[in-house]
Amino acid sequence: MHRLQPRDAVTCTTPRSEFPPVHSARRHLLIAGGIGVTPILAHARALAAAAKDYEVHYVSREVPAPHLEDLNGLGTSVVHSRCRDEFWRKLGPALYQQPIGTHLYVCGPAAMTEEVQTSARRAGWPTGRLHAEAFTGGIVTNGEPFIASLISSGKTIDVSANLSLLEALEQAGVKVPNMCRRGVCGECRLEVAAGIPDHHDFVLSEEEKAGSQFIMPCVSRARSEHLELKL
């Protein structure tokens, strides 16, 4: 960006979302924590414009709460809380009262996002109907060093403790498609042939992570000393 000059031509792609609403859903339960209300407001606006059924739960200590007036102006139910206990008193029962076919969307601090998803799973929500927007990826560059072997090329790459697997592959001349570089978009997904990945992404499901068949090299590393990739 800093090398660009006025009138330089720039090639760009169209916008891409890793947190899109599922338009075929019967109902939408939108949950926001703090500034996580930003994408939730976008969802609410889109759902309101499409006359979809949805409900918003929003927790924020700020006065006035960011975008609360905007949400209320859309004409749907907004349950606003000013503290964690109040938030869970209202959201807890709501997790059990949604009709079958409802999808849940949550954006907020990592601990809150994880707690919402865990509580929803305990309430019987299928994983495929839970959607979360992460503030940041779980990039780990201070883990244990390991060796990555590439089946197709026969290359062996040392991945140091302060380097991501994606960076190590790139330095070795291996091209891997990537976009976000923080474990959110899923563009860099690689297939694992052997070894145990140490997952830190927000893309793979819990079942996929347990199966150890894929890895997002931009943020994930290896639990084993050796990782074999189908590259």
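Treat the numbers as computed from the prediction; the structure is a model and nothing was measured. (Residues numbered from 1 in each chain as written. Predicted model: local features only at pLDDT ≥ 70, side-chain atom pairs only at ≥ 80, totals over all residues. Heavy atoms only, no water.)

Visitor: I tried to follow unusual backbone geometry on my own but got confused; where do I start?
Guide: Note on backbone geometry: most residues besides glycine have negative phi, and most peptide bonds are trans. Following V63, the chain continues to P64 via a peptide bond in cis, the omega torsion being -5 degrees. Here P64 lies in the loop between β2 (54-59) and α2 (68-72). Positioned with a positive phi, H67 is a non-glycine residue whose angle comes to about 65 degrees. With respect to the element layout, H67 can be found in the loop between β2 and α2. (Helix = DSSP H or I, 4+ residues; strand = E, 2+ residues; numbered from the N terminus.)

Visitor: Before we go on, may I ask you to explain the pattern of salt bridges in this structure?
Guide: Between side chains of opposite charge, a pair can form when the charged atoms approach closely. Using the criterion set out here, one finds 10 salt bridges in the structure. Notably, a salt bridge pairs D53 with R27, separated by 2.8 Å at the nearest N-O pair. On the criterion of sequence distance, the pair formed by D53 in the loop between α1 (37-49) and β2 and R27 in strand β1 (residues 27-33) is long-range, its members being 26 residues apart. Classification of D53 by relative accessible area gives partly exposed; the value is 40%. Owing to a relative accessible area of 13%, R27 belongs among the buried residues under this scheme. Taking the shortest distance from any N to any O, the salt bridge between E114 and R121 comes out at 3.5 Å. Of the residues examined, E114 reaches a relative accessible area of 42% and is grouped as partly exposed. Owing to a relative accessible area of 31%, R121 belongs among the partly exposed residues under this scheme. Residues participating in the shared-partner salt-bridge network are R27, D53 and E55. (Salt bridge = Lys/Arg side-chain N within 4 Å of Asp/Glu carboxyl O. Buried < 20%, exposed > 50% of the residue type's maximum accessible area, 1.4 Å probe, protein only.)

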